[in-house]
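# Secondary and tertiary structure notes
One-letter residues, chain by chain:
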Amino acid sequence: MLRFRGKARWALLVCLIMVFSIVAGCGGNSSTSDKAKDQDVIKLGFLGATTGSVANYGIPGQKGMKMAIEEVNNSGGVLGKKLEGVYLDNKGDSSEIALITDKYINRDKVVALVGDPCTGLTKIAAKIAQENKVVIFSAGATGNGVVEIGDYVFRNTLLDKFAVPSVVDWMVNTKGWKNIAVITSLNNDYSVSLTPVFKDAIDKQGGKIVIEESINDEETDFTAQITNIKKAKPDVLVFTGYYREAALLMNEAKKQGLDINLIGGDGLYGQDLAKLGGKAVEEKVIFYCGFSFSGDESNPVTERFLADYKAKFNEEPDMFSAQYYDAVMILVKAMKDANSTDPSVFKNELAKLKDYPGVSGNTTFRADREPIKSPVCLITVKDGKLTLLDKIPVNIE
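Presented here is a report on the structure given in the accompanying data block. Given the structure is predicted, the values throughout are model-derived calculations rather than measurements.

### Some words on the overall build of the protein chain
The helix and strand tally for the protein chain stands at 12 helices and 15 strands. The proportion of buried residues among the 397 residues of the protein chain is 52%. As displayed, the protein chain has an accessible area near 17,700 Å², and 51% of this comes from carbon and sulfur atoms.

See the structure below:
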C-alpha cells in the first residue's frame, strides 16, 4: 500500500512538471509572438480631443489620421512594415495629455506623436516627447514657443506670427477698421499668447485699441463685457480665443444691438461656430487659417483627398482633418528618405522638408523647423457654412 502511494506521488509529480513546462512554453511563445508583432508595425500616437470643448479639432483630425494610415498600408506600408495608429482622447485637458503622451511612449512604443492642434497642450506633450527622443508633429498649434522646445518638435500649420500682421493690415488698411476692441480668454494659453501678437501688429499698422476686455473659457454670460465694449464704440472686435466663446460673444452683441464684426485666429475654426452663433455670426465672424477647401484653390492631390474623405465619412473635411492627414504622410516620407523608423534618425530628414505638396497646401520647414505657408485664408460663416472670404499674402522675412 505504501509502495503504491509512492508510485502515485511520483506519477503526479511528473504530470505536474509536464503541465508547468507546457504552460511556460506557451507563455514564452506568446511573448515572442508579441515582440515579433511589435517589430512588424510602426506605431503613431494620436493627440487630440474627441470629447469636450475642443473636440471640433480632434474629431476631424483623428479621421484624417486614420485615412492617411489606411492609404499608406494599402500602398505597401513603410519599409516593409504596417503603420498603426493608437488613439486615446485627451479631452483637451493638460493632465490627460501628459498621461496619454507617457503611455504612448513607454507602453505603446510609438515612434511619433501626431497632434495636438492646441498650442498649450502641444507644449506639454512636446516636453515629454523631447525628453524621450520621440518625434511630435503638431497639426494645428500656431502659437509661439513650440518648436523651441527641441529638435524632435515639428508642426505644419500657418503660424500666428506670420499670419497676424497680414490680417491686421487687411483689417486696418483695407477695411478701415482702425478703432479696435481686444478680448482675451485668460484661462486659455492660445488666447493669452495670441493677444500680444495682435496688439503688436495693431500698433505697427496704426490702429488704436479703444478697450480691452477679458473672459474665461466655459463662461456663458458676457453681458458686462459687451456692455463695456458698446460704450467704447470700436469699429471691430478682435477675439483671440476659441469658437464656442466667439459664438456666445456675438450672440450677446446681437442681443444688445451691437452690429460689429469679430476677427480671430484659427481657434475659431469649428463647425459648431455656426451652430452656436446662428444669425449672430453670419458674415460677421472672420478668422484666418492656412488653407480652405474652396474650388479655386484645389489641385489633383486635394481633389482626391476631398472625394475620398467624403466617400469614407459622408462629410466635408476641414483644416484639421487635412493637416493630420498631411502630418502622417510627411512623417512617412521622412522615414522612407532616412530608411529608418528610428526617431533620432528620421527627424533629420523631416527637418529638410521643402515644398511638400500636401492636401492642405505646400509646406516647407525653415532652418528653425518652423513651417512656411502662404497665403492666409480668411474664412467667414455664410448660410450656416464656413466659407472662404478672401486670401491675402504673407510677408515672411
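### So, the layout of surface pockets
Here the largest pocket defines a volume of roughly 650 Å³. Around the largest pocket, the lining comprises 26 residues; the ones closest to its centre are Gln271, Glu316, Pro317, Asp318 and Leu386. Examining the composition of the lining of the largest pocket, we find that 5 residues originate from one element, helix α2 (residues 55-74), more than from any other.

### What about the nonpolar core?
Judged by nonpolar contacts, the single largest core of 121 residues is most densely connected at Leu44, Met171, Tyr288 and Leu331. With 14 residues, the top contributor of residues to this core is helix α11 (residues 319-338). Met171 has contacts with Gly176, Trp177, Ile180, Ile202, Val236, Val238 and Ile263, leaving out every residue within four places of it along the chain.

### Notes on helix α7 (residues 223-232)
Looking at α7, one finds that the buried residues are Gln225, Ile226 and Ile229. All buried residues of α7 fall inside an arc of 90 degrees around its axis, so they share one side. On its buried face, α7 sits against β6 (179-185), β7 (208-215), β8 (236-239) and α8 (243-255). Positive phi appears at Lys233, one or two residues downstream of α7, with a value of about 55 degrees.

### Thoughts on the packing of aromatic side chains
We describe a pair of aromatic rings using the distance from one ring centre to the other and the angle between the two ring planes. The final tally for this structure, using the stated rule, is 15 aromatic pairs. Where Phe154 meets Phe365, the ring centres are 5.7 Å apart and the plane angle is 45 degrees; that geometry is what we call tilted. One end of the pair, Phe154, is in strand β5 (residues 153-155); the other, Phe365, is in strand β12 (residues 361-365), with 211 residues separating them in the sequence. For Phe154, a relative accessible area of 0% translates into the label buried.

### A short note on the pairing of strand β9 (residues 261-264)
Residues Asn261 and Ile263 point to one face of β9 and Leu262 and Gly264 to the other, with burial holding for every one of them. Direction of pairing for β8 relative to β9: parallel, over a ladder of 3 bridges. The residue bridging Leu237 from the neighbouring strand is Leu262, located in β9. The parallel pair β8 and β9, bridged by α8, forms a crossover whose chirality is right-handed. Pairing analysis gives 3 bridges linking β9 to strand β10 (residues 285-289), with the strands arranged parallel.

Reading the values: rules and limits
Residues numbered from 1 in each chain as written. Predicted model: local features only at pLDDT ≥ 70, side-chain atom pairs only at ≥ 80, totals over all residues. Heavy atoms only, no water. Helix = DSSP H or I, 4+ residues; strand = E, 2+ residues; numbered from the N terminus. Buried < 20%, exposed > 50% of the residue type's maximum accessible area, 1.4 Å probe, protein only. Areas by Shrake-Rupley, 256 points an atom, 1.4 Å probe, with all protein chains shown as cover. 1 Å grid on protein atoms, 1.4 Å probe; cavity = no way out; pocket = protein on both sides within 12 Å on 5 of 7 lines; lining within 4 Å. Points joined across faces, edges and corners; volume = space filled by probe spheres on them. Core = buried A, V, L, I, M, F, W, Y, C linked by side-chain atoms within 4.5 Å. Contact = heavy atoms within 4.5 Å. Arc of directions from axis to C-beta. Phe/Tyr/Trp six-rings, centres within 6.5 Å; stacked < 30°, edge-to-face > 60°. Pairing = 2+ DSSP bridges. Right-handed = clockwise from strand over helix to strand, strands pointing away.

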